[in-house]
Structure formats: structure tokens, C-alpha cells
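Structural description and commentary
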Amino acid sequence: MRSRLRELREARGWSQSELAGRLGVSRQTVNAVETGKYDPSLPLAFRIGRMFGESIESIFLFEDEA
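Residues numbered from 1 in each chain as written. Predicted model: local features only at pLDDT ≥ 70, side-chain atom pairs only at ≥ 80, totals over all residues. Heavy atoms only, no water.

Going by what an unreviewed UniProt entry lists, the chain is known as Helix-turn-helix transcriptional regulator and is assigned to Luteimonas endophytica.

This is the structure in C-alpha cells:
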């Protein structure tokens, strides 16, 4: 799954550490989500959506691997 998390975070001028603190996760989790190495849990995806005022579907883009 691809995400727009880095784009949204950088638009607000936040570091990965700042975003992690706001979400209550580690900086490594933010980095893993941004690089596509980790798909966030549904509760975390909703927290991210609320934080940026966007739907999770507009932030996390499913890519079919078929």
C-alpha cells in the first residue's frame, strides 16, 4: 500500500518525530508507514486521517500486486 503520509507531514513542516508524538507511536513506525514497509492498523489509520482532516482512502492508496 502506498501512502501520502510524507507529503501531508512535510506540508505542515513536521518531522517524523513530531508526527509520531502527535499520534502516540514511534518515529520508526511513521518511517515504516511512509516507506511502505508497514501498513498501519485501522485505528492508527483513522487517527492519521483525523489529524490531517482527510479520509483514510485519500491518504492510503491500495496497489494491487496481481
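That covers the picture; the talk isn't over yet.
The next subject is helix α3 (residues 27-34). Buried within α3 we find Val 30, Ala 32, Val 33 and Glu 34. Contacts made by the buried residues of α3 are with β1 (2-3), α1 (5-11), α2 (16-23) and β2 (60-61). Just beyond α3, the residue with positive phi is Gly 36, at close to 80°. (Buried < 20%, exposed > 50% of the residue type's maximum accessible area, 1.4 Å probe, protein only. Helix = DSSP H or I, 4+ residues; strand = E, 2+ residues; numbered from the N terminus. Contact = heavy atoms within 4.5 Å.)

What follows is about the environment of Pro 43. Mapped onto the elements, Pro 43 comes out in helix α4 (residues 42-52). Classification of Pro 43 by relative accessible area gives exposed; the value is 53%. For the pair formed by Pro 43 and Arg 12, sequence separation is 31 residues and the distance between their alpha carbons is 22 Å.

What follows deals with the UniProt feature "domain: HTH cro/C1-type" (unreviewed entry) in the chain. The positions UniProt marks with the feature "domain: HTH cro/C1-type" (unreviewed entry) are residues 5-59. The span residues 5-59 shows a helical share of 69% and a strand share of 0%, and its end C-alpha atoms are spaced 7 Å apart. (UniProt positions renumbered as here; feature names shortened; annotations may be inferred.)

As a further point, take the packing of α2 against α3. Running from amino to carboxyl end, α2 crosses α3 at an angle of 110°, the nearest separation of the two axes being 8 Å. Taken together, the axes of α2 and α3 lie roughly perpendicular to each other. Facing Gln 16, Ser 17, Leu 19 and Ala 20 of α2, the residues of α3 in contact are Arg 27, Val 30, Asn 31 and Glu 34. Across the contact of α2 with α3, the residue classes tally to three nonpolar, three polar and two charged. (Axes fitted to C-alpha atoms, helices over the stretch in contact; angles between N-to-C directions. Parallel < 35°, antiparallel > 145°, perpendicular 65-115°, else oblique. Nonpolar A, V, L, I, M, F, W, Y, C, P; charged D, E, K, R; others polar.)

Right, let's talk about the pattern of salt bridges for a bit. The final tally for this structure, using the stated rule, is five salt bridges. In this structure, Arg 4 engages Glu 54 in a salt bridge whose closest nitrogen and oxygen atoms are separated by 2.8 Å. Of the two residues, Arg 4 sits in the loop between β1 and α1 while Glu 54 sits in the loop between α4 and α5 (56-59), which places them 50 residues apart along the sequence. A residue is classified by how much of its surface remains accessible, and Glu 54, at 27% relative accessible area, is partly exposed. Arg 6 is the partner of Glu 34 in a salt bridge, and the nearest nitrogen-oxygen pair spans 3.2 Å. (Salt bridge = Lys/Arg side-chain N within 4 Å of Asp/Glu carboxyl O.)

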